[in-house]
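Coordinate inspection notes
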Amino acid sequence: MEGMASPIVVMGVSGSGKSTVGAALAQRLRVPFADADDFHPPANVAKMSAGEPLDDDDRHPWLDAIGQWLADHPDGGVMSCSALKRKYRDQLRGHCAAIEFLHLSGTTEVIGRRQASRPGHFMPASLLESQFKTLEPLESDEQGIDIDVDQNIDAIVETYIAASEQPDR
């Protein structure tokens, strides 16, 4: 399968596997990959490292930078980004209207175990609860698919590709 018609945002709470799945999906589709974590300004990283959740003011310029990357890849690219709230996804769509979302979902127990296996990551496990409270799942008018993370990466990628090839999408 060669590329997709639009960029893909792999979304979900911290520890859901966005970066790992996003990189695998981009490799499979032969398109560029970027990790939204790399777009955070140092002040955001410092705030999260101190165990403080970001507020919408912190996220606004970060989302603009991500949105610009998506706009620069209209013929395909994969970005891992939490995109937890509808308004954040709307902000991204303000830069690039044709975004496809892959929401990696799971229970707090499954994602907590995954997060615990990432020593040294700037997002402490203590913020997982705030991420779940913030999460607004994809709505029916948003282009995307929800996939359970409690399976291997190849299965997630294959499920996404099979679903994206369905004519009713």
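First, a word on scope: everything that follows refers to the structure included in this document. Computed from a predicted structure; not experimentally measured. (Residues numbered from 1 in each chain as written. Predicted model: local features only at pLDDT ≥ 70, side-chain atom pairs only at ≥ 80, totals over all residues. Heavy atoms only, no water.)

Glancing now at the sheet that holds strand 5 (residues 144-148). Spatially, the five strands line up as an open sheet ordered 2-3-1-4-5, and their pairing is parallel. Each having just a single partner strand, strand 2 (33-35) and strand 5 make up the two edges of the open sheet. The mean inter-strand angle of the sheet, taken between neighbouring strand axes irrespective of direction, is 20°. Examined bridge by bridge, strand 4 (residues 100-105) and strand 5 share five bridges and lie parallel to one another. Looking at the pairing, His103 lines up with Asp146 of strand 5. Seen against the sheet, helix 3 (residues 56-71) touches strand 1 (8-11), strand 2 and strand 3 (78-80) and runs at an angle of roughly 165° to strand 3. Along the sheet, helix 7 (residues 153-164) contacts strand 1, strand 4 and strand 5; its crossing angle with strand 5, the most-contacted strand, is approximately 150°. (Pairing = 2+ DSSP bridges. Helix = DSSP H or I, 4+ residues; strand = E, 2+ residues; numbered from the N terminus. Axes fitted to C-alpha atoms, helices over the stretch in contact; angles between N-to-C directions. Contact = heavy atoms within 4.5 Å.)

Another aspect to go through is the packing of helix 1 (residues 18-29) against helix 7. Closest axis-to-axis distance for the helix 1/helix 7 pair is 10 Å, and the angle between their directions is 55°. As far as their axial angle goes, helix 7 and helix 1 are oblique. For the pair helix 1 and helix 7, the sense of crossing is right-handed. Packed against helix 1, whose contacting residues are Thr20, Val21, Ala24, Leu25, Arg28 and Leu29, the element helix 7 presents Ile153, Ile156, Val157, Glu158, Tyr160 and Ile161 at the interface. (Parallel < 35°, antiparallel > 145°, perpendicular 65-115°, else oblique. Left-handed = near helix turned anticlockwise from the far one by under 90°.)

In this model, helix 7 (12 residues) spans 17 Å end to end at C-alpha, consistent with the 16 Å of a helix rising 1.5 Å per residue. Of all the positions in helix 7, only Ile156, Val157, Tyr160, Ile161, Ala163 and Ser164 are classed as buried. Viewed along the axis of helix 7, the buried residues span an arc of 165°, placing them on a single side of the element. Residues of helix 7 that are buried make contact with strand 1, helix 1, strand 4 and strand 5. The opening residue of helix 7 is Asn152, an N-cap whose side-chain oxygen sits 3.1 Å from the backbone nitrogen of Asp154. (Expected span 1.5 Å × (residues − 1). Buried < 20%, exposed > 50% of the residue type's maximum accessible area, 1.4 Å probe, protein only. Arc of directions from axis to C-beta. Polar contact = N/O pair within 3.5 Å; in protein donor to acceptor, adjacent residues only side chain to side chain.)

Tracing the backbone through its elements, the reader meets Arg59 in helix 3. Judged by relative accessible area, Arg59 falls into the buried class, the value being 12%. For the pair Arg59 and Tyr88, spaced 29 residues apart in the sequence, the C-alpha separation amounts to 8.4 Å. Once residues within four sequence positions are removed from consideration, Arg59 is found in contact with Leu54 and Tyr88.

Moving on: unusual backbone geometry. In this structure, Arg30 is a non-glycine residue whose phi angle is positive, near 60°. Its location among the elements puts Arg30 in the loop between helix 1 and strand 2. Its relative accessible area of 60% is what places Arg30 among the exposed residues. The residue Ala83 is not glycine, and still its phi comes out positive at about 45°.

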